[in-house]
Amino acid sequence: MIKFENVGLRYGMGPEVLRDLTFEIAPRSFQFLTGPSGAGKTSLMRLLFLSLRPTRGLITVFGHETSRLGRADLPQLRRRIGVVFQDFRLLDHLTTYENVALPLRVVGREEAEYRADVVDLLNWVGLGERMHVLPPVLSGGEKQRAAIARALITKPEVLLADEPTGNVDPPLARRLLRLFVELNRLGTSVVIATHDLTLMEQFDARRMILADGRIQIDE
Ligand SMILES: Nc1ncnc2c1ncn2[C@@H]1O[C@H](COP(=O)(O)OP(=O)(O)OP(=O)(O)O)[C@@H](O)[C@H]1O
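Residues numbered from 1 in each chain as written. Predicted model: local features only at pLDDT ≥ 70, side-chain atom pairs only at ≥ 80, totals over all residues. Heavy atoms only, no water.

K.L.:
Explain helix H6 (residues 170–185) residue by residue, including any values.
P.N.:
With 16 residues, H6 extends 23 Å from end C-alpha to end C-alpha; this agrees with the ideal 22 Å at 1.5 Å per step. Residues of H6 that are buried: Leu-172, Ala-173, Leu-176, Leu-177, Leu-179, Phe-180, Val-181, Leu-183 and Asn-184. Check the buried side of H6 and you find it contacts strand E3 (30–34), helix H4 (111–124), helix H5 (140–152), strand E7 (158–162), strand E8 (189–193) and helix H7 (197–201). A positive phi of about 120 degrees marks Gly-187, the residue just after H6. (Helix = DSSP H or I, 4+ residues; strand = E, 2+ residues; numbered from the N terminus. Expected span 1.5 Å × (residues − 1). Buried < 20%, exposed > 50% of the residue type's maximum accessible area, 1.4 Å probe, protein only. Contact = heavy atoms within 4.5 Å.)

Have a look at this one:
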């Protein structure tokens, strides 16, 4: 569903930070993306989300070779990919409920039609009681779960999460992992970028390991 062939990336005139990446993200698959700090995990996540273009090689997303796509084609493909950013990116003037509902609102859906789905999802991530508060009042773990719910509300085919357990304590990290595993069982492909070894030890999944700009895959 996402395919990289000999992909390379450099920023400006700098050295290549990613080199010769060839791999696939299969439908319904689960993988950890790992590697030392600065190895390029965030850069690779941005390539997967089409917010960066590779400097060489081919990236094919849902059957579309991305170098042939114009800017106007990207939003439609991106809607099929959910992303949880390291810094959550919640809007502080909207409630938790409104933040999660936002991706539906921006595509013109009526609230009456989606309200129950948003409430169900908030309950699923354990934020049912917190849906009417503003993000500044949420704890780090609650913000994380709100960001996950917002990424999932459009029922994406792939979920990308960058260090989703970076700001939470170990019991909550385990809970978030269970949430991702459950999501994967329901059919979504999951890519979790993390350097948290304890997290990876809790679930036997494919590991994509970045080092010196190259990728090694442990199936
Ligand atoms: N916008 C940018 N401009 C120039 N260089 C960048 C930019 N973003 C990242 N880099 C460089 O690319 C390399 C990979 O960075 P990236 O943030 O992708 O790594 P990472 O594995 O996510 O690191 P961390 O685990 O510390 O978040 C680093 O050498 C970084 O300095």
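K.L.:
So what about the side chain of Ser-43? Which residues, and what values?
P.N.:
With respect to the helices and strands, Ser-43 occurs in helix H1 (residues 41–48). A relative accessible area of 10% means that Ser-43 is categorised as buried. For Ser-43, the residues in contact, after removing those within four places along its chain, are Leu-9, Tyr-11, Leu-18 and Leu-52.

K.L.:
So what's going on with the site of the ligand? Which residues, and what values?
P.N.:
Residues in close proximity to the ligand include Tyr-11, Val-17, Pro-36, Ser-37, Gly-38, Ala-39, Gly-40, Lys-41, Thr-42 and Ser-43, which together make up its full environment. Here Gly-40 contributes a backbone N or O atom positioned 2.8 Å from an oxygen atom of the ligand. A distance of 2.6 Å separates an oxygen atom of the ligand from a polar side-chain atom of Ser-43. Notes on the ligand: free accessible area 640 Å², of which the protein chains cover 57%. When residues of the shell around the ligand are assigned to their parent elements, the largest contribution, 3 residues, is made by H1. Its residues assigned to classes, the shell around the ligand shows 4 nonpolar, 5 polar and 1 charged. (Near = heavy atom within 4 Å. Polar contact = N/O pair within 3.5 Å; in protein donor to acceptor, adjacent residues only side chain to side chain. Areas by Shrake-Rupley, 256 points an atom, 1.4 Å probe, with all protein chains shown as cover. Nonpolar A, V, L, I, M, F, W, Y, C, P; charged D, E, K, R; others polar.)

K.L.:
Give a description of the nonpolar core that names residues and reports values.
P.N.:
Phe-30, Phe-32, Val-118 and Phe-180 are the most contacted members of the largest nonpolar core, which has 40 residues in total. Contributing elements (two or more residues each) for this core: E3, helix H3 (96–106), H4, H5, E7, H6, E8 and H7. By residue number, the principal contributor to this core is H6, which donates 8 residues. Excluding anything up to four places from it in sequence, Phe-32 contacts Leu-177, Ile-192, Thr-194, Leu-199, Met-200, Phe-203, Ala-205, Arg-206, Arg-207 and Met-208. In this structure, Phe-4, Leu-74, Leu-77 and Ile-81 belong to the second largest nonpolar core, which totals 32 residues. (Core = buried A, V, L, I, M, F, W, Y, C linked by side-chain atoms within 4.5 Å.)

Geometric descriptors of this kind do not, in isolation, establish any biological role.
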